[in-house]
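Residues per chain, in single letters:
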Amino acid sequence: MALSYITFILLLLVLFLCMCLPFGANASTYNNNTVRSEFLKVSPSEFVGSVNEVVDVLQDVTSILSEFANVFGDFRLSNAVSDCLDLLDLSSEQLSWSVSATQSPKGKHNSTGNLSSDLRTWLSASLTNPETCMDGFEGTNNIVKGLVSNGLVQIISLVQQLLTQVNPVMGHFPFTNKGQFPAWVKPRDRKKLLEQNVVIVDTIVAADGSGNYTKVMDAVKKAPNYSMRRFVIYVKKGIYNENVEIKKKKWNLMIIGDGMNESMITGNRSFIDGWTTFRSATFAVSGRGFIARDISFMNSAGPEKHQAVALRSDSDLSVFYRCGIFGYQDSLYAHTMRQFYRECKITGTVDFIFGDATALFQNCQILAKKGLPNQKNTITAHGRKDPGEPTGFSIQFCNISADSDLLPVVNSTHTYLGRPWKSYSRTVFMQSYITDVLRPEGWLEWNGEFGLDTLYYAEYMNYGPGAGLSDRIKWPGYHVMNDTRQASNFTATQFIDGNLWLPYTGVTFIAGLGV
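Presented here is a report on the structure given in the accompanying data block. Owing to the predicted nature of the structure, the values given are computational and were not obtained by experimental measurement.

Here is what the cut-offs are and how they apply
- Residues numbered from 1 in each chain as written.
- Predicted model: local features only at pLDDT ≥ 70, side-chain atom pairs only at ≥ 80, totals over all residues.
- Heavy atoms only, no water.
- Helix = DSSP H or I, 4+ residues; strand = E, 2+ residues; numbered from the N terminus.
- Buried < 20%, exposed > 50% of the residue type's maximum accessible area, 1.4 Å probe, protein only.
- Contact = heavy atoms within 4.5 Å.
- Areas by Shrake-Rupley, 256 points an atom, 1.4 Å probe, with all protein chains shown as cover.
- Phe/Tyr/Trp six-rings, centres within 6.5 Å; stacked < 30°, edge-to-face > 60°.
- Lys NZ or Arg CZ within 6 Å of the ring centre and 35° of its normal.
- Axes fitted to C-alpha atoms, helices over the stretch in contact; angles between N-to-C directions.
- Parallel < 35°, antiparallel > 145°, perpendicular 65-115°, else oblique.
- Left-handed = near helix turned anticlockwise from the far one by under 90°.
- Nonpolar A, V, L, I, M, F, W, Y, C, P; charged D, E, K, R; others polar.
- Pairing = 2+ DSSP bridges.
- Disulfide = S-S within 2.5 Å.

1. Re the overall build of the chain
A count of helices and strands for the chain gives ten helices and 26 strands. For the chain, with 515 residues in total, the buried portion stands at 56%. Contacts spanning at least 24 positions in sequence make up 71% of the contacts within the chain whose residues lie at least 6 apart. Entry remark: accessible area of the chain is about 21,700 Å², with carbon and sulfur atoms responsible for 53%.

Pasting the structure below:
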């Protein structure tokens, strides 16, 4: 019997599809294998199954902690429990992003488009959060910590296994005019962002009552959730005594002030007064895609109150441009995710830039202050716990100096570039000016031999009276870089995938080594 014309066309179509796909594969298999070969060492279904294991344990631990959510009479314990609930919630969301990205690699809600980097960033954050949760129980009744510690350790172990299932970053995409904005940035926003220093304000905060709000937090609450459009809050000149927290639902929020010496948000929470380090932050942000510009964040608790955070960021693809970050111990908590700091002024004493983020600092002024008597200053304390994490601090084109209060006693106060908070601490100083504020040995141990053979500390082409390398420490994990290829790994392009997302923020940045 002769075939009809329509049947003939259908057969041709089937034959064409069979020729286009690998032999014996259907479209679904082909897509899954593509994801596996490029980004994962296992199939997406196996990866998702592993994620679900973590989520089950997260839910069990959350259920236990919820029983203690309203602890009365123990302020520190109440804060620790509240932190843990928030941190585990963040991990759940980061794991959800990971599943979504592997199932839909070109989804509009994906991050940079470099799936290997995105997955490793999010998994690293979901690994750090339970660790921070446990740290928060320091100084509290050990009963609650005992009830959840096994579960938290299990979460950490499972996420470490997840990290091994993701391929290393598969190269970095060059910046082109065609690809400078993520697909979800609307054409009208692209045009607006290309106009230098033009920002359309959505709402105004003014301490004198001339705006829509007098408190920054009130404006933040009114911002839309999970917004794919930039929402801009203008904070007029003034001092705002409040603690601001931008929760995980507040995407693409921007706060812009009148200058780091004009618009300031200040608070005084501290560890000594019962706050966890995590919760002590004057300004904290978790919603991804955050930008701050021309504004300052201060914690005025003072050196005697020990841990007292001015700014904490858990925001992926966050930018701080011409911002002041002022405190003493633990001033800047670069907790997790990819962060970029440009032309900021950061002051402090002990571990005043710390956390487990992948953070790049360019053209920043980093000032050591006068602390407690006989106290040693350490600029950084990076918290990478697993070698599979992509995290670290890269400090490039910066100025490392003494603040005005330290200058009179600079010769009797020991200041160091950093010390290893966790085993695989990673920090690089490169192409920066270092004054004689720095001790000749450069770096300080945390506790004896801890981490000295597993950390990664490096210096590259620094200059100034404190940049001499002849008397530096001789730890196995310390490196003097002479190869531009090595140093390039810690540039905006390589380290934080800057070419994929920084151009659309409108913030100036140097993509490479600049030479």
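2. Here's the deal with the packing of aromatic side chains
Centre-to-centre distance and the angle between the planes together describe a pair of aromatic rings. This structure, assessed with the given rule, holds 20 aromatic pairs. Judged by centre distance (5.7 Å) and plane angle (40 degrees), the ring pair of F283 and F290 falls under tilted. For F283, a relative accessible area of 0% puts it in the buried group. An angle of 55 degrees between the planes, with centres 5.8 Å apart, marks the rings of F290 and F320 as tilted. Placement of the pair is F290 in the loop between β7 (283-285) and β8 (291-293) and F320 in strand β11 (residues 318-321), with a sequence separation of 30 residues. Under the relative-accessibility criterion, F320 is labelled buried at 0%. The lysine or arginine in question, R269, covers the ring of W275, its NZ or CZ lying 4.0 Å from the ring centre. The aromatic ring of F278 is capped on one face by R312, whose charged end is 3.6 Å from the ring centroid.

3. Brief notes about the packing of helix α3 (residues 44-66) against helix α4 (residues 75-103)
Contact geometry of α3 with α4 gives a least axis separation of 10 Å together with a crossing angle of 165 degrees. The angle between α3 and α4 places the two elements in the roughly antiparallel class. Read as a crossing pair, α3 and α4 show a hand that is left-handed. Across the interface between the two elements, P44, F47, V48, V51, V54, V55, L58, V61, T62, L65 and S66 from α3 touch V81, C84, L85, L88, S91, S92, L95, S98, V99, T102 and Q103 from α4.

4. Some points on the packing of helix α5 (residues 115-135) against helix α6 (residues 142-164)
For the pair α5 and α6, the least separation of the axes is 9 Å and the interaxial angle reads 165 degrees. In terms of orientation, α5 lies roughly antiparallel with respect to α6. α6 is crossed by α5, and the crossing has left-handed handedness. Contacts between α5 and α6 involve R120, L123, S124, S126, L127, P130, E131, C133 and M134 on the former and, on the latter, K145, S149, L152, V153, I155, I156, V159, Q160, L162 and L163. Considering only residue class, the contact of α5 with α6 consists of twelve nonpolar, four polar and three charged.

5. Some thoughts on the sheet that holds strand β22 (residues 415-418)
Two strands in a sheet stick together by hydrogen bonds in their backbones, pointing the same way (parallel) or opposite ways (antiparallel). Spatially, seven strands are ordered β4-β7-β10-β13-β16-β19-β22 in an open sheet, and the strand pairing comes out parallel. Each end of this open sheet is capped by a strand with a single partner; those strands are β4 (244-246) and β22. The mean inter-strand angle of the sheet, taken between neighbouring strand axes irrespective of direction, is 10 degrees.

6. Regarding the side chain of Q329
Along the chain, Q329 falls in the loop between β12 (324-326) and β13 (332-334). Contacts of Q329, omitting those with residues within four sequence positions, involve H306, Q307, A308, T349 and V350.

7. Looking at unusual backbone geometry
Of note in the backbone geometry, D294 takes a positive phi value of approximately 55 degrees without being a glycine. Mapped onto the secondary structure, D294 falls in the loop between β8 and β9 (296-299). Under the relative-accessibility criterion, D294 is labelled buried at 12%.

8. Structural notes on the state of the cysteines
This model, assessed by the stated rule, comprises one disulfide. Disulfide pairing is shown between C84 and C133; the S-S distance is 1.9 Å. Around the S-S axis, the bridge from C84 to C133 shows a dihedral of about 95 degrees and counts as right-handed. One end of the pair, C84, is in helix α4; the other, C133, is in helix α5, and 49 residues separate them in sequence. For the pair C84 and C133, one class covers both residues: buried.

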